[in-house]
Amino acid sequence: MTNETTKKVQPAKAAVADAPYDVIYFAKKHRISNEDARDIIEKHGANRKEADKAGRRISA
């Protein structure tokens, strides 16, 4: 008998991973202004990895 629960992604988690960041959350996370956070999110959209890289560059 196989375990069918392995390697399943729950729909709610998958939807969150593909959604762009919330501006206020992102700004607080990287300690940047809301304007900078909004610009980064608009540029990178749902690509959270690239958005986080850009946020770290600005906050440094």
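That block above? That's the structure.
Please read these numbers as outputs of a predicted model, since none were measured by experiment. (Residues numbered from 1 in each chain as written. Predicted model: local features only at pLDDT ≥ 70, side-chain atom pairs only at ≥ 80, totals over all residues. Heavy atoms only, no water.)

**Remarks on the pattern of salt bridges**
- Tallied over the entire structure, the rule returns two salt bridges.
- As a salt-bridge pair, aspartate 52 and lysine 29 come within 3.4 Å of each other at their nearest N and O atoms. Of this pair, aspartate 52 sits in helix H4 (residues 48-59) while lysine 29 sits in helix H2 (residues 23-30), placing them 23 residues apart in sequence.
- The exposure class of aspartate 52 is buried, given its relative accessible area of 12%.
- Ionic pairing is found between lysine 53 and glutamate 50, a salt bridge with its closest N-O pair at 3.6 Å. Residue lysine 53 and its partner glutamate 50 are both found in helix H4; the two are separated by three residues, about one turn of the helix.
- Its relative accessible area of 27% is what places glutamate 50 among the partly exposed residues. (Salt bridge = Lys/Arg side-chain N within 4 Å of Asp/Glu carboxyl O. Helix = DSSP H or I, 4+ residues; strand = E, 2+ residues; numbered from the N terminus. Buried < 20%, exposed > 50% of the residue type's maximum accessible area, 1.4 Å probe, protein only.)

**Focus on the packing of H2 against helix H3 (residues 34-44)**
- Between H2 and H3, whose axes approach to 8 Å, the crossing angle comes to 110 degrees. Classified by the angle between their axes, H2 and H3 sit roughly perpendicular to one another. Here H2 runs over H3; the crossing is right-handed. In contact with Val23, Ile24, Phe26 and Ala27 of H2, H3 contributes Asn34, Ala37, Arg38, Ile40 and Ile41.
- Looking at the contact of H2 with H3 residue by residue, the class counts come to seven nonpolar, one polar and one charged. (Axes fitted to C-alpha atoms, helices over the stretch in contact; angles between N-to-C directions. Parallel < 35°, antiparallel > 145°, perpendicular 65-115°, else oblique. Left-handed = near helix turned anticlockwise from the far one by under 90°. Contact = heavy atoms within 4.5 Å. Nonpolar A, V, L, I, M, F, W, Y, C, P; charged D, E, K, R; others polar.)

**A word on the nonpolar core**
- Judged by nonpolar contacts, Tyr21, Phe26, Ala27, Ile32, Ala37, Ile40, Ile41, Ala51 and Ala54 together constitute the single largest core of nine residues.
- Elements that contribute at least two residues to this core include exactly H2, H3 and H4.
- Broken down by element, this core gets its largest block of residues, three residues, from H3.
- Apart from residues lying up to four places away in sequence, tyrosine 21 is in contact with Phe26, Lys29, Ile41, Arg48, Ala51 and Asp52. (Core = buried A, V, L, I, M, F, W, Y, C linked by side-chain atoms within 4.5 Å.)

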